[in-house]
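The chain contents come next:
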Amino acid sequence: MTGCGVLTFTDKGIYCPAGDFYIDPWRPVPRALITHAHADHARWGHGQYLATPRSLAVMRHRLGQITAQTADYGHVLRINDAEVSFHPAGHVPGSAQIRVSVAGQVWVASGDYKTENDGLSEAFEPLRCHSFITESTFGLPVFRWQPQPQIAQQILRWWADNAAVGKTSVLGAYALGKAQRLLHMLADGPGPGPVLCHAAVENTNACLRAAGVALPHSDVLTQECSAKTHPGALIIAPPGAIEASWTRRFVPTELALASGWMGLRGIRRRRAMATGFVVSDHADWPGLLQATKETGAENIYVTHGYTDIFTRYLSENGHSAQVVPTEFGTEDDDSTGPT
Ligand SMILES: [Zn+2]
Ligand SMILES: [Zn+2]
């Protein structure tokens, strides 16, 4: 174990000795507090789960029968000798930072987060704490996201250009978070054609709608859908599902991928994609710096991503920062979800 205090880092995950619970553990434990429903944070096999109602709606769909309780944002719960509350992380609908207070010492485990308000996820809430556990998926100065309305314009233009020449637009996006954000960005106004969602996306949409998320209407991609029935369509599908046979019913197609990794030129070139849109549900470099600064934390623990570079930068700028090994993924999103 390293990092003595309110939260500690163990081989099963982030552990709170005073409360006897884990946060986003990667091995089965009796009691797990879950920041959000992505597969690398919400894993199968724990005795009891505690998560926000929206996270839980998706977790029940993905994990099946689980014993769980809900935690509303801002509501303080006592778990043994710890006080715990969940606060918006701005990452995906329902995502939370978990604040843990023991004898006046406050730690915040932020899970995955982004500081830009996407208009769909509950907006990131800056929290003051003594110790802050942060991700650094995009912890390099090169990552600076454009404002969302600008990206929406780029995608809308691409979709309209495709529709104008009789092409179907196929946009690869992860089933939880990115897909709904794109739907919110693109389907709210009069677009150049109908929006179809792959079943894996539409199932997640249904969970979130049932949990009160106001998503625009979308149709599910079925066997009957084709370029004839849905001319000029935009199809939102998980990246792993866009090489499948259904795409043949929509030829000619234009493919694009929406991911923060599209901000790296080499990666964009390596993917056999015609187009990449740089849109991420993680904080960019300025976002990470801003979030970290606003905590006022004395100690910063960096869990996943460009941990060494981000930690070195923080250390050189007067913070006490260290890398902690975890098993969280560094995909832009959830690569292990259903496709
Ligand atoms: Zn995530
Ligand atoms: Zn993650």
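Visitor: Break down the coordination of the zinc ion (ligand 1) for me, with residues and values.
Guide: All of the protein donors around the zinc ion (ligand 1) are His-36 (NE2), His-38 (ND1), His-91 (NE2) and Asp-112 (OD); their distances to the metal are 2.2 to 2.3 Å. Considering all 4 donor atoms around the zinc ion (ligand 1), the spread of angles at the metal, 90 to 166°, places the coordination shape in the irregular class. The sequence pattern describing where the donors of the zinc ion (ligand 1) fall on their chain is H-x1-H-x52-H-x20-D. Separation of the zinc ion (ligand 1) from the zinc ion (ligand 2) amounts to 3.6 Å, with Asp-112 serving as a shared donor to the pair. Accessibility expressed as a relative area gives 1% for His-36, which makes it buried.

Visitor: Give a description of the packing of aromatic side chains that names residues and reports values.
Guide: For the structure on display, the rule yields 17 aromatic pairs. Relative to Tyr-306, the ring of Phe-143 lies with its centre 6.2 Å away and its plane at 35°, an arrangement referred to as tilted. In this pair, Phe-143 sits in the loop between strand S11 (131–136) and helix H2 (148–164) while Tyr-306 sits in the loop between strand S18 (299–305) and helix H7 (307–316), placing the two residues 163 residues apart along the sequence. Taking relative accessible area as the criterion, Phe-143 reaches 1% and is therefore assigned buried. Residue class for Tyr-306 comes out partly exposed when judged on its relative accessible area of 24%. Plain terms: the ring middles of Trp-158 and Phe-277 are 5.5 Å apart, the flat faces sit at 75° to each other, and that makes the pair edge-to-face. Residue Trp-158 is found in helix H2, and its partner Phe-277 is found in strand S17 (residues 275–277); the two are separated by 119 residues along the sequence.

Visitor: Talk me through the sheet that holds strand S6 (residues 68–70); I want residue IDs and the actual numbers.
Guide: Across the sheet, which stays open at both edges, the 6 strands sit in the order S1-S2-S3-S4-S5-S6 with mixed pairing between neighbours. Every other strand in the sheet has two partners, leaving strand S1 (8–9) and S6 as the edge strands with one partner each. The sheet contact formed by strand S2 (residues 14–16) and strand S3 (residues 21–23) spans 3 bridges and is antiparallel. Bridge assignment links Cys-16 to a residue of S3, and that residue is Phe-21. This element, helix H1 (residues 53–63), spans strand S5 (48–51) and S6 of the sheet and lies at about 140° to S5.

Visitor: Can you break down H2 residue by residue, with the values?
Guide: Between the first and last C-alpha of H2 there are 24 Å, a value that for 17 residues agrees with the 24 Å anticipated at 1.5 Å per step. Every buried residue of H2 is accounted for by Gln-148, Ile-151, Ala-152, Ile-155, Trp-158, Trp-159 and Asn-162. Down the axis of H2, the buried side of the element spans an arc of 130°, and every buried residue falls inside it. Facing away from the buried surface of H2 by more than 90 degrees, the exposed residues are Pro-149, Arg-157 and Ala-164. Elements that come into contact with the buried residues of H2 comprise strand S12 (168–172), helix H3 (178–186), strand S13 (195–197), strand S15 (234–237), strand S16 (253–258) and S17.

Visitor: Just give me the short version of the packing of H3 against helix H4 (residues 199–210), but keep the residues and values in it.
Guide: Relative orientation of the contacting elements H3 and H4 amounts to 80°, with a least axis distance of 10 Å. Taken together, the axis directions place H3 and H4 in an arrangement best described as roughly perpendicular. Touching Ala-179, Gln-180 and Leu-183 of H3 are Val-201, Thr-204, Asn-205, Leu-208 and Arg-209, all from H4. Class assignment for the residues of the contact of H3 with H4 results in 4 nonpolar, 3 polar and 1 charged.

Visitor: Which residues make up the sheet that holds strand S14 (residues 219–220), and what values go with them?
Guide: Taken in spatial order, the 6 strands line up as S14-S13-S15-S12-S16-S17 in an open sheet, and their pairing is parallel. Lying at the two open borders of the sheet, with one neighbouring strand each, are S14 and S17. Note that S13 and S14 share 2 bridges and pair parallel. Counterpart to Leu-196 in the pairing with S14 is Asp-219.

Visitor: How would you summarise the pairing of S15 if you had to cite specific residues and measurements?
Guide: Alternating positions in S15 separate into two faces, Leu-234 and Ile-236 on one and Ile-235 and Ala-237 on the other, with burial throughout. Of the strand pairs in this sheet, S12 and S15 are connected by 4 bridges, and their pairing is parallel. Bridge pairing links Gly-172 to Ala-237 in S15.

Visitor: Any chance you could break down the pattern of salt bridges for me, citing the residues and the numbers?
Guide: Per the counting criterion, the structure on display carries 9 salt bridges. When the shortest N-O distance is used, the salt bridge between Arg-78 and Glu-83 registers 3.5 Å. Glu-202 serves as the salt-bridge partner of Arg-209, at 3.1 Å between the closest nitrogen and oxygen. We classify Arg-209 as partly exposed; its relative accessible area is 28%. Judged by relative accessible area, Glu-202 falls into the buried class, the value being 13%.

Visitor: Explain unusual backbone geometry residue by residue, including any values.
Guide: Of note, the bond from Val-251 into Pro-252 is cis; its omega dihedral lies within 30 degrees of zero at -5°. Residues other than glycine seldom take positive phi values, yet Asp-20 does so here, at roughly 55°. Position of Asp-20 among the secondary structure elements: in the loop between S2 and S3. A relative accessible area of 44% means that Asp-20 is categorised as partly exposed. Backbone geometry places Asn-80, a non-glycine residue, at a positive phi of 50°. Checked against the element boundaries, Asn-80 lands in the loop between strand S7 (77–79) and strand S8 (82–88). By relative accessible area, which is 46% here, Asn-80 ends up partly exposed.

The rules we used
- Residues numbered from 1 in each chain as written.
- Chains lettered and ligands numbered in written order.
- Predicted model: local features only at pLDDT ≥ 70, side-chain atom pairs only at ≥ 80, totals over all residues.
- Heavy atoms only, no water.
- Donors = N, O, S within 2.8 Å, 3.2 Å for Na, K, Ca; no water.
- Tetrahedral: all angles 85-135°; square planar, octahedral: opposite > 155°, others 65-115°.
- Buried < 20%, exposed > 50% of the residue type's maximum accessible area, 1.4 Å probe, protein only.
- Phe/Tyr/Trp six-rings, centres within 6.5 Å; stacked < 30°, edge-to-face > 60°.
- Helix = DSSP H or I, 4+ residues; strand = E, 2+ residues; numbered from the N terminus.
- Pairing = 2+ DSSP bridges.
- Contact = heavy atoms within 4.5 Å.
- Axes fitted to C-alpha atoms, helices over the stretch in contact; angles between N-to-C directions.
- Expected span 1.5 Å × (residues − 1).
- Arc of directions from axis to C-beta.
- Parallel < 35°, antiparallel > 145°, perpendicular 65-115°, else oblique.
- Nonpolar A, V, L, I, M, F, W, Y, C, P; charged D, E, K, R; others polar.
- Salt bridge = Lys/Arg side-chain N within 4 Å of Asp/Glu carboxyl O.

None of this, on its own, says anything about what the molecule does.
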